Amino acid sequence: MPDWFESLSKVLPVEKVYDDALAPAAKQVGRLGEDTMKTARLILAPLQIAVHFQDRLERMLKRVADRVPEERRIEAPPQIVGPALAQMRFLEEDSELWQAFEELVTKSVDRDTIDLVHPAFIQLVAHLSADEARLLRYLRTKHILIVDELDLRADNRRFENQRIISHDIPENELSQPKQFDLYVLHLTSLGLAHWPITDQTPVMRGGIQTGIKRNAVVQLTDFGRLFADACAPPATE
């Protein structure tokens, strides 16, 4: 096994995943009542995925080796690969978040692409939901048109209570489309997306302005594009 390959596989002590993540909590189940045990099983069920992390890690390492030619391989930066592998313990290989982490790990051991990866990118992926990762992928090539509305307070003439009332992203792009508003606001708060206003009209009731309706375009910020591109494989792959 090449040195870089072995060092990468040792960044996380995967043989201890069960002991560290599942066993302590599982030991408590025997002390609980039946109803509480049912609840405990629901909570602990996702931790079962950590038990088989070794297998997923080995498959990933093979994919990394296939993608990065030996002459371009460099030692994996621990501040990138360590946190990434720690997060990947609880993810399935086919999830958008796993794929983002794997892409960052792959780029971080390639001398031609290491400059595209920043340690902060790992924490950003960890803060995303799978749907938000899908939105970032979508926004790499498209924009999202949205209409939002705000209320105008009569006492201080300030707009508040922002809400998105329509958007044009297909619902099948998201597993939980009803959380679209939350996703967009979260991506905006992370500095990954913004939505400049294209036009707006006052909302009038009884001849008095009570709010405003705005049309906007959700798109990646410059930083968001760097991040989304780093988390995505090259188009030719």
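What you see is a predicted model; the values in this text were computed from it and never measured.

Sorry if this is basic, but what is going on with the overall build of the protein chain here?
Helix and strand counts for the protein chain stand at 11 helices and five strands. Scored against the burial criterion, the 237 residues of the protein chain give a buried share of 42%. Contacts spanning at least 24 positions in sequence make up 68% of the contacts within the protein chain whose residues lie at least 6 apart. For the protein chain, the exposed area adds up to about 13500 Å²; of that, 52% sits on carbon and sulfur atoms.

Whenever I open this one, helix 7 (residues 96-108) confuses me. Can you help?
Given 3.6 residues per helical turn, the α-helix brings residues three or four places apart onto the same face. With 13 residues, helix 7 should cover 18 Å at 1.5 Å per step; its first-to-last C-alpha distance of 18 Å lies within 8% of that length. Buried within helix 7 are the following residues: Glu-96, Leu-97, Trp-98, Ala-100, Phe-101, Glu-102, Glu-103, Leu-104, Val-105, Thr-106, Lys-107 and Ser-108.

How do you make sense of the nonpolar core when you look at a structure like this?
Soluble globular proteins tend to bury their nonpolar side chains together. In terms of nonpolar packing, the biggest core is built from 51 residues, with Met-60, Ile-144, Phe-180 and Phe-227 touching the most fellow members. At six residues, helix 7 tops the list of elements feeding residues into this core.

Where do I start with the packing of aromatic side chains in this structure?
Two aromatic rings are characterised by how far apart their centres lie and by the angle between their planes. For the structure shown, the criterion picks out three aromatic pairs. Aromatic pair Phe-53 and Trp-98: ring centres 6.3 Å apart, planes at 70°, arrangement edge-to-face. Taken as a pair, Phe-53 in helix 5 (residues 53-67) and Trp-98 in helix 7 lie far apart in primary sequence, 45 residues in all. Each residue in the set Phe-121, Phe-223 and Phe-227 is aromatic and connected to the rest through ring pairs, giving one cluster.

Explanation requested: the pattern of salt bridges in the structure shown.
Two side chains of opposite charge can pair, provided their charged atoms sit close to one another. One pass over the structure, following the stated rule, counts 17 salt bridges. Among the salt bridges present, the one from Lys-62 reaches Asp-66, with a minimum N-O distance of 2.8 Å. Pair noted here: Lys-62 and Asp-66 are both in helix 5, with a separation of four residues, about one helical turn. Look at Lys-62 and you get partly exposed, because its relative accessible area is 47%. By relative accessible area, which is 54% here, Asp-66 ends up exposed. Note that Glu-160 and Arg-153 form a salt bridge whose closest N and O atoms lie 3.7 Å from each other. Through salt bridges that share partners, Arg-59, Arg-63, Glu-93 and Glu-102 make up one connected network.

How should I be thinking about the environment of His-194 in this particular structure?
For His-194, the location among the structural elements is in strand 3 (residues 193-194). Residue class for His-194 comes out partly exposed when judged on its relative accessible area of 32%. Sequence separation between His-194 and Thr-221 is 27 residues; the distance between their C-alpha atoms is 6.2 Å. If near-sequence neighbours (up to four positions away) are discounted, His-194 is found in contact with Val-217, Val-218, Gln-219, Leu-220 and Thr-221.

How should I be thinking about the pairing of strand 1 (residues 144-152) in this particular structure?
Along any regular strand the residues' side chains alternate between the sheet's two faces. For strand 1, the tally of buried residues reaches seven of nine residues, placing the bulk of the element in the interior. Bridge count between strand 1 and strand 2 (residues 159-167): six bridges; the pairing is antiparallel. Following the sheet pairing, Val-147 is matched in strand 2 by Ser-166. Hairpin geometry of strand 1 and strand 2 is characterised by an intervening segment of six residues between the two adjacent antiparallel strands and by a positive phi of about 55° at Arg-157.

Would you explain the environment of Arg-67 in this entry?
Mapped onto the secondary structure, Arg-67 falls in helix 5. Overall, Arg-67 belongs to the partly exposed group, its relative accessible area being 28%. Between the C-alpha atom of Arg-67 and that of Asp-110, which follows or precedes it by 43 residues, the distance is 9.3 Å.

Thresholds applied
- Residue positions are given per chain, counted from 1 along the sequence in the order it is written.
- Selection of residues for local features in this predicted model requires a pLDDT of at least 70, selection of side-chain atom pairs for listing and counting requires 80 or more, and totals for whole chains, interfaces and linings are taken over all residues.
- Side-chain numbers here rest on the full set of heavy atoms in the structure, without hydrogens or water.
- Strands here are runs of E lasting at least two residues and helices are runs of H or I lasting at least four, both read from the DSSP assignment and numbered beginning at the N terminus.
- Exposure classes here rest on a 1.4 Å probe applied to the protein chains alone. A residue is buried below 20% of its type maximum, exposed above 50%, and partly exposed in between.
- For this analysis, residues touch if any pair of their heavy atoms sits within 4.5 Å.
- All accessibility values rest on the Shrake-Rupley procedure with a 1.4 Å probe; residue burial counts only the protein chains present in the view.
- Expected helix span is taken as 1.5 Å per residue step, with the number of steps being one fewer than the number of residues.
- Put simply, buried Ala, Val, Leu, Ile, Met, Phe, Trp, Tyr and Cys residues joined by side-chain atoms within 4.5 Å make one nonpolar core.
- For Phe, Tyr and Trp, where Trp contributes only its six-membered ring, two rings pair if their centres lie within 6.5 Å, and the inter-plane angle classes them as stacked under 30 degrees, edge-to-face over 60, or tilted in between.
- What counts as a salt bridge is simple: a side-chain nitrogen of Lys or Arg found within 4 Å of a carboxyl oxygen of Asp or Glu.
- Strand pairing is defined by DSSP finding a minimum of two bridges between the two strands.

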